[in-house]
Amino acid sequence: MKALLAIPGLPGLLKVAPESLAFIQTCRFDTSRTERFLAQQNVPLPPFAQYLEASCRHYCQRLGVAGGAVTSGA
(Lines give C-alpha, C1' and ligand atoms only; values in the text may rest on other atoms or scores of the structure.)
Protein backbone atom coordinates (compact mmCIF):
# COMPACT_ATOMS: atom_id res chain seq x y z
CA MET A 1 0.00 0.00 0.00
CA LYS A 2 2.81 2.38 0.86
CA ALA A 3 4.26 1.97 -2.64
CA LEU A 4 0.90 2.81 -4.21
CA LEU A 5 0.62 5.98 -2.13
CA ALA A 6 4.09 7.06 -3.31
CA ILE A 7 3.07 7.18 -6.99
CA PRO A 8 4.10 10.58 -8.36
CA GLY A 9 1.08 12.77 -9.07
CA LEU A 10 -1.35 10.64 -7.07
CA PRO A 11 -2.34 13.44 -4.66
CA GLY A 12 -3.18 15.69 -7.61
CA LEU A 13 -5.16 12.96 -9.31
CA LEU A 14 -7.12 12.31 -6.12
CA LYS A 15 -7.36 16.07 -5.43
CA VAL A 16 -6.01 15.72 -1.90
CA ALA A 17 -3.05 17.14 -0.02
CA PRO A 18 -0.07 14.76 -0.12
CA GLU A 19 -0.03 14.66 3.69
CA SER A 20 -3.54 13.23 3.80
CA LEU A 21 -2.42 10.04 2.07
CA ALA A 22 -0.25 9.22 5.10
CA PHE A 23 -3.43 8.73 7.13
CA ILE A 24 -4.67 5.80 5.03
CA GLN A 25 -4.56 2.71 7.19
CA THR A 26 -4.42 -0.86 5.93
CA CYS A 27 -5.19 -2.51 9.27
CA ARG A 28 -8.51 -4.24 9.77
CA PHE A 29 -10.53 -4.50 12.97
CA ASP A 30 -12.67 -7.38 14.18
CA THR A 31 -16.22 -6.02 14.42
CA SER A 32 -17.93 -9.37 14.94
CA ARG A 33 -18.86 -8.65 18.58
CA THR A 34 -20.37 -5.29 17.65
CA GLU A 35 -22.24 -6.79 14.71
CA ARG A 36 -23.57 -9.59 16.93
CA PHE A 37 -24.70 -7.10 19.59
CA LEU A 38 -26.45 -4.89 17.02
CA ALA A 39 -28.21 -7.92 15.54
CA GLN A 40 -29.41 -8.94 19.02
CA GLN A 41 -30.82 -5.42 19.45
CA ASN A 42 -32.45 -5.56 15.99
CA VAL A 43 -30.35 -2.63 14.78
CA PRO A 44 -29.80 -3.05 11.04
CA LEU A 45 -26.53 -1.94 9.46
CA PRO A 46 -26.95 -0.10 6.15
CA PRO A 47 -24.79 -1.11 3.20
CA PHE A 48 -21.38 0.59 3.35
CA ALA A 49 -21.95 2.55 0.12
CA GLN A 50 -25.18 3.98 1.54
CA TYR A 51 -23.70 5.50 4.66
CA LEU A 52 -20.47 6.49 2.93
CA GLU A 53 -22.47 8.47 0.38
CA ALA A 54 -24.51 10.13 3.14
CA SER A 55 -21.32 11.02 5.05
CA CYS A 56 -19.66 12.43 1.93
CA ARG A 57 -22.73 14.47 1.07
CA HIS A 58 -22.82 15.90 4.60
CA TYR A 59 -19.16 16.92 4.58
CA CYS A 60 -19.36 18.34 1.05
CA GLN A 61 -22.34 20.46 2.05
CA ARG A 62 -20.60 21.63 5.23
CA LEU A 63 -17.52 22.60 3.23
CA GLY A 64 -19.51 24.11 0.37
CA VAL A 65 -17.98 21.75 -2.19
CA ALA A 66 -19.92 21.43 -5.45
CA GLY A 67 -23.25 21.86 -3.73
CA GLY A 68 -22.75 18.60 -1.84
CA ALA A 69 -23.11 16.52 -4.99
CA VAL A 70 -21.89 12.96 -4.58
CA THR A 71 -21.82 10.43 -7.39
CA SER A 72 -21.63 6.69 -7.05
CA GLY A 73 -19.09 4.67 -8.97
CA ALA A 74 -21.38 1.63 -8.94
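This text gives an overview of the structure that appears in the document. From a predicted model like this one, the values you see are computed outputs, not experimental measurements.

Calculation criteria
- Residues numbered from 1 in each chain as written.
- Predicted model: local features only at pLDDT ≥ 70, side-chain atom pairs only at ≥ 80, totals over all residues.
- Heavy atoms only, no water.
- Patch = residues over 30% accessible without salt bridge, like charges linked within 9 Å, V, L, I, M, F, W, Y side chains within 5 Å.
- Areas by Shrake-Rupley, 256 points an atom, 1.4 Å probe, with all protein chains shown as cover.
- Salt bridge = Lys/Arg side-chain N within 4 Å of Asp/Glu carboxyl O.
- Buried < 20%, exposed > 50% of the residue type's maximum accessible area, 1.4 Å probe, protein only.
- Helix = DSSP H or I, 4+ residues; strand = E, 2+ residues; numbered from the N terminus.
- Expected span 1.5 Å × (residues − 1).

As for a nonpolar patch on the surface
A cluster of nonpolar side chains, contributed by Leu13, Leu14 and Val16, occupies part of the molecular surface with about 280 Å² of accessible area. Judged by relative accessible area, Leu14 falls into the partly exposed class, the value being 45%.

Here we look at helix α4 (residues 48-63)
Here α4 spans 22 Å end to end across 16 residues, near enough to the 22 Å set by a 1.5 Å rise per residue. Once α4 finishes, Gly64 follows within two positions and takes phi at roughly 70°, a positive value.

Looking at the pattern of salt bridges
Applying the stated rule across the entire model yields one salt bridge. Note that Glu53 is salt-bridged to Arg57, the shortest N-O span being 2.8 Å. Of this pair, Glu53 and Arg57 both sit in helix α4, separated by four residues, roughly a single helical turn. With relative accessibility at 29%, the residue Glu53 sits in the partly exposed group. We classify Arg57 as partly exposed; its relative accessible area is 32%.

No statement about biological role is implied by the geometric values presented.
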